[in-house]
Amino acid sequence: MDIKFESIEGNSIPYMVMMSAFALMAVVGLITTFFIIEKGLWVTGMTNRVPWGLQIVMAVYYIGLSAGSLVISGLYGVFGKQEYKPFARIAVYLAMLFLIAGLLSILTDQGRMDRVFVEPFVYFNLRSMFSINPILYIGHILICVIYLWALFTEKRKLTTIVATTAFGWAFCVHSGTGAIFGFGARVLYESPLLPASFVAAAMASGTALMILMIVGLFKVTNRHVDDGLIIWLGRFLAVCLLVVVYFLMVENLYRAYVVELRSAAMYYLFGGIHSILFWFGLLLVGCFIPMFLLFRRKTGKQIRWIVLASALVVFGVLCERYVIVIPGLTHAPEIIAGMEIVQSPIDEGVANYSISILEILQALGVLGVIGFLFGFGLKYLKLLPDEARIYERAVPAVANIRKDESGVAVGK
Amino acid sequence: MERRDFIKIAGGTFLAGSACAYAFRFLTASNIDGLIVENLTTGRKYGMVIDLTKCIPGCTACVEACHNENNVIHSGDKRWDIHWLRKVTIENKLSPEVGKKEVLLLCNHCDKPPCAQVCPVQATYKRHDGIVIVDHHRCIGCRYCVIACPYNARMFNFKSEEEWHNKDHPKRSHGVAEACTLCAHRLDKDQPPACVEACRNVGTGAIVVGDLNDPRSEISKLVESRAVKRLKEDLGTDPKVHYIGL
Amino acid sequence: MFDLNKIKEKAYLIAALAAVVVILIPIGYSIVTNLFAGPPQPRPFLEMPDEKYKECVRETEFMRQHHWELLRTIREEVVRYGKRTDININKCRECHVSREGFCNRCHNSVNLYPDCFGCHYYPEPSEMAEKMRKSGDKAILFGQSIERLPDLSGE
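Residues numbered from 1 in each chain as written. Chains lettered and ligands numbered in written order. Predicted model: local features only at pLDDT ≥ 70, side-chain atom pairs only at ≥ 80, totals over all residues.

(A) Broad picture of the overall build of chain A. In terms of regular secondary structure, chain A is built from 13 helices and 5 strands. Compactness check: chain A gives a C-alpha radius of gyration of 22 Å against a globular reference of 22 Å for 412 residues, within 12% of the reference. Dimensions of chain A, computed from the C-alpha atoms along their principal axes, are close to 75 × 45 × 40 Å. For chain A, the proportion of its 412 residues judged to be buried stands at 51%. (Helix = DSSP H or I, 4+ residues; strand = E, 2+ residues; numbered from the N terminus. Rg over C-alpha atoms; globule rule 2.2 N^0.38 Å. Buried ≥ 20, exposed ≤ 12 C-beta atoms within 10 Å, placed from the backbone.)

(B) Representation of the overall build of chain B within the structure. Looking only at helices and strands, one finds 7 helices and 10 strands in chain B. A total of 246 residues make up chain B; the buried ones form 45% of that total. Long-range pairs, those at least 24 residues apart, make up 61% of the contacts in chain B with a sequence separation of at least 6. (Contact = placed C-beta atoms within 7 Å.)

(C) Quick look at the environment of His83(B). Relative to the helices and strands, His83(B) resides in the loop between α2 (61-69) and β2 (85-92). On the neighbour-count criterion, His83(B) (24 C-beta atoms within 10 Å) is buried. Once you skip the residues sitting within four places of it in the chain, His83(B) turns out to touch Pro345(A), Ile346(A) and Met155(B).

(D) Quick peek at the domain arrangement of chain B. Here chain B is described as being made up of domain 1 (1-33) and domain 2 (46-244). Taken over C-alpha atoms, the centre of domain 1 of chain B sits 43 Å from the centre of domain 2 of chain B. (Domains from an automatic or database assignment.)

(E) Representation of the sheet that holds strand β8 (residues 207-211) of chain B within the structure. Residues and elements named next belong to chain B. Overall, mixed pairing links the 4 strands, which are arranged β8-β1-β10-β9 in an open sheet. In this open sheet, the two strands that pair with only one neighbour each are β8 and β9 (228-229). As paired elements, strand β1 (residues 46-51) and strand β10 (residues 241-244) share 4 bridges and run parallel to each other. Counterpart to Val 49 in the pairing with β10 is His 242. (Pairing = 2+ DSSP bridges.)

(F) Structural detail: the nonpolar core. In this structure, Val92(A), Phe98(A), Tyr147(A), Ala204(A), Leu237(A), Cys195(B) and Ile207(B) are the most contacted members of the largest nonpolar core, which totals 204 residues. In terms of residue count, helix α4 (residues 88-109) of chain A provides more of this core than any other element does, 16 residues in total. Setting aside anything within four residues of it in sequence, one finds Phe98(A) in contact with Tyr62(A), Ile63(A), Leu65(A), Ser66(A) and Ile370(A). (Core = buried A, V, L, I, M, F, W, Y, C linked by C-beta atoms within 7 Å.)

(G) Region of the structure containing the interface of chain B and chain A. Between chain B and chain A, the contact holds 46 residues from the first and 40 residues from the second. Looking at the side of chain B that touches chain A, the elements that each hand over two or more residues are β2, β3 (100-106), α3 (114-118), α4 (144-148) and β6 (155-156) of chain B. Per-element accounting of the side of chain B that touches chain A gives the leading share, 6 residues, to β2(B). Classifying every residue of the side of chain B that touches chain A gives 25 nonpolar, 10 polar and 11 charged. As paired elements, strand β3 (residues 339-343) of chain A and β2(B) share 4 bridges and run antiparallel to each other. Across the sheet, residue Met339(A) finds its bridge partner in β2(B), namely Asn92(B). (Nonpolar A, V, L, I, M, F, W, Y, C, P; charged D, E, K, R; others polar.)

(H) Up close: the environment of Glu348(A). Examined against the element boundaries, Glu348(A) turns out to sit in the loop between β3 and α13 (357-380). Taking the C-alpha atoms as reference, Glu348(A) lies 20 Å from Ile324(A); in sequence the two are 24 residues apart. Look past the residues within four positions of Glu348(A) in its chain and what remains in contact with it is Ala332(A), Ile341(A) and Val88(B).

(I) Up close: the environment of Pro290(A). Residues and elements named next belong to chain A. With respect to the helices and strands, the residue Pro 290 is situated in helix α11 (residues 273-295). Separated by 197 residues in sequence, Pro 290 and Tyr 93 have C-alpha atoms that sit 26 Å apart. Residues within four places of Pro 290 in sequence aside, it is in contact with Leu 241, Ala 309, Leu 312 and Val 313.

(J) The arrangement of the sheet that holds β3(B) in detail. Read from one edge to the other, the open sheet built from 3 strands follows the order β3(A)-β2(B)-β3(B), with strand pairing classed as antiparallel. What marks the edges here is a single partner per strand, and that holds for β3 of chain A together with β3 of chain B. Averaged over all adjacent pairs, the angle separating strand axes in this sheet is 50°, with direction ignored. Relative to β3(B), β2(B) runs antiparallel, the two sharing 7 bridges. The residue of β3(B) that forms the bridge with Lys87(B) is Leu104(B). (Axes fitted to C-alpha atoms, helices over the stretch in contact; angles between N-to-C directions.)

(K) A look at the confidence of the model for chain B. Residue and element names in this part refer to chain B. For chain B, the mean per-residue pLDDT works out to 85, and 89% of the residues sit at or above 70. The weakest mean pLDDT in chain B belongs to helix α1 (residues 3-28) at 68; the strongest belongs to β10 at 94. Segment residues 27-39 is flagged for pLDDT under 50; beyond a separation of four residues in sequence, or across chains, it makes 17 contacts in the model. (pLDDT = per-residue confidence, 0-100.)

(L) Molecular detail of unusual backbone geometry. Residues and elements named next belong to chain B. Its identity as a non-glycine residue notwithstanding, His 109 has a phi of 45°, on the positive side. In this fold, His 109 is placed in the loop between β3 and α3. Exposure remark for His 109: the 27 C-beta atoms within 10 Å place this residue in the buried category. A positive phi is found at Gln 122, a non-glycine position, where the angle reads about 55°. Relative to the elements of secondary structure, Gln 122 occurs in the loop between α3 and β4 (124-126). Take Gln 122: there are 20 C-beta atoms within 10 Å of it, and that puts it in the buried class.

Written as structure tokens, this is what we have:
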């Protein structure tokens with residue numbers, strides 16, 4: 001049952017087009033970043049009331065997407081499901097790239113990017129979540145590198161150890177990312193549930209992205225993957241979504257129930273564009289439709305529906321990140337108890353934020369960098385297995401499906 | 001060269017380089033003779049009392065003095081303008097008929113500052129005399145402190161301004177956070193802060209800054225004898241700006 | 001396992017090209033510009049204050065080598081501990097009138113550009129001269145006559 005891993009040829013026209021597109025995006029992002037350094041951050045549309053914008057949203061989103069490796073390494077390394085071994089390399093490589101993307105997003109968001117490489121490590125502040133998190137991210141990147149090395153050299157024992165470590169570390173990474181907001185002083189941030197719900201949302205988005213990547217890559221490169229594997233991941237995704245919805249429900253019900261938080265909850269749920277994103281983007285498109293598709297017996301076993309559900313989840317979790325970061329800032333804190341500020345030289349009250357072109361270009365630039373690295377890795381590293389099959393001795397229960405429906409023959 | 005050797009050498013060099021970079025700080029941080037960095041414990045705890053009953057409506061002498069002294073420049077855009085000290089008009093939410101009132105809002109110099117707690121580089125910190133201050137030489141501009149401040153008293157330098165009112169005092173480049181420093185540079189020289197001086201010059205004397213630990217100081221007597229209020233005391237940040245007649 | 005040969009073939013070529021761009025071009029540029037630079041430049045010299053102010057706050061040799069450490073220590077003390085002494089960055093400019101002649105000439109020659117004066121003020125020599133004219137301190141500021149000051153900035 002040895003799996004042969006291969007790299008792709010990488011000489012086809014679509015590959016070249018993809019790589020040049022990613023390179024172009026990276027260059028545009030770099031130019032935008034230099035423009036922002038030169039002019040100051042006001043050109044990005046962030047204001048004193050909303051000092052965090054799309055870059056932080058994207059950073060936490062990317063960190064969440066890296067959880068695909070958490071799932072795969074958990075299945076393969078911790079729970080010993082050998083049939084997920086073919087995806088281990090690609091999952092870990094993607095996780096590393098998305099962590100790099102998260103760090104790049106945070107980096108390009110700083111006011112003084114020149115100081116980011118020295119000061120945070122020299123003047124480490126143990127009480128700050130923003131100080132702990134980069135350490136967690138960099139640690140995870142290093143663990144990913146060791147993990148990849150262990151996978152490439154087929155060191156079985158080391159792989160198991162590193163997979164377990166990465167599994168635990170990834171939990172810390174996603175909880176820590178949630179803690180940036182959850183331990184904050186803003187009314188709509190402050191919540192001990194946020195780290196846990198971040199882990200759930202990260203696992204949902206990571207699994208969804210893994211499904212998209214596996215199905216897409218295997219289809220494009222004419223490789224075989226057993227439907228049972230994808231279907232099982234789809235089930236897992238549905239369970240993750242259930243947990244996400246549960247956490248969202250508890251959090252918002254708590255806010256709506258406690259008298260002092262009720263106005264904030266009303267603002268969050270019915271207060272503007274972010275509410276539309278919450279109800280339609282996150283709950284309807286991101287959670288309920290995918291859950292319906294995945295739990296339904298008929299659609300939950302067809303690859304195209306699972307892929308559609310995954311795509312919706314990837315979009316929905318982006319909305320989730322947005323409705324965590326932005327409304328917490330635009331919501332007006334009550335500075336003087338019982339009083340309303342009617343006139344002020346700065347924007348009191350509800351603040352406005354709109355995503356600007358420059359922020360989008362920057363985010364695309366980060367995506368370009370990791371996309372380029374991904375293409376590079378596909379070409380020069382042996383990431384893809386020749387095929388991914390369910391072995392006879394370790395058949396999961398969900399793999400017992402009617403094989404004639406899926407269109408692709410299962411097993412040899 | 002074998003790949004294994006290459007990785008070993010490259011990894012070793014990387015680790016050694018990082019270690020050197022980290023050690024560099026301690027090697028070069030030798031104290032210059034006679035100038036030993038020490039934590040001075042003067043036992044002072046600066047605080048502020050704002051007597052809103054004396055404050056003249058519409059008067060912004062303190063705000064202007066503050067911004068002239070500290071080179072805080074306004075370009076007129078509400079979104080990015082920095083206000084160390086701002087005068088706002090408030091109205092009771094439940095009973096608007098009581099009327100409007102003007103209040104000064106500024107950094108509260110909390111005894112347990114959330115902004116200092118979240119700063120990833122310890123650029124924001126509380127001085128030994130209780131003043132919460134930003135080290136602009138160290139700030140990386142992550143804006144976490146702006147978010148953590150419950151009083152909206154922190155601002156971020158989104159733009160850098162060319163204007164320079166008070167050339168004896170530095171201005172700030174774009175990309176760092178800032179807030180009221182209680183005119184620490186003046187207090188260190190036993191001068192009153194700019195806002196206090198301006199308020200005195202107007203003839204009001206509504207703002208008092210002094211040592212809260214000294215029972216004989218004017219501010220301690222005010223805090224003792226008058227009904228003072230602080231903002232958001234329930235948060236437990238223990239702010240040191242007191243209001244009379246809020 | 002890696003296919004090492006394949007990586008060697010392509011990745012090494014790219015790495016070599018990158019190395020050429022990153023390392024060799026700047027080196028080559030500096031060599032070429034040096035070749036056509038003409039006669040060697042004299043060692044940068046700093047404007048000396050008056051003879052009677054031979055010593056700065058420390059010995060001259062110490063100041064040459066360690067002024068940045070001194071400034072950094074002072075900065076730490078002032079900003080973080082509020083210990084304001086007689087030595088501060090505003091005092092420097094009282095003797096060393098011209099930033100061009102005092103800081104920049106040396107820093108430029110070693111390609112070091114610390115960003116002190118984006119936020120701290122260092123007056124132009126002409127401005128300092130104007131200030132002195134107004135204050136009536138006519139003849140000399142620590143040995144440098146007003147007439148001499150403006151042409152420092154002209155260099």
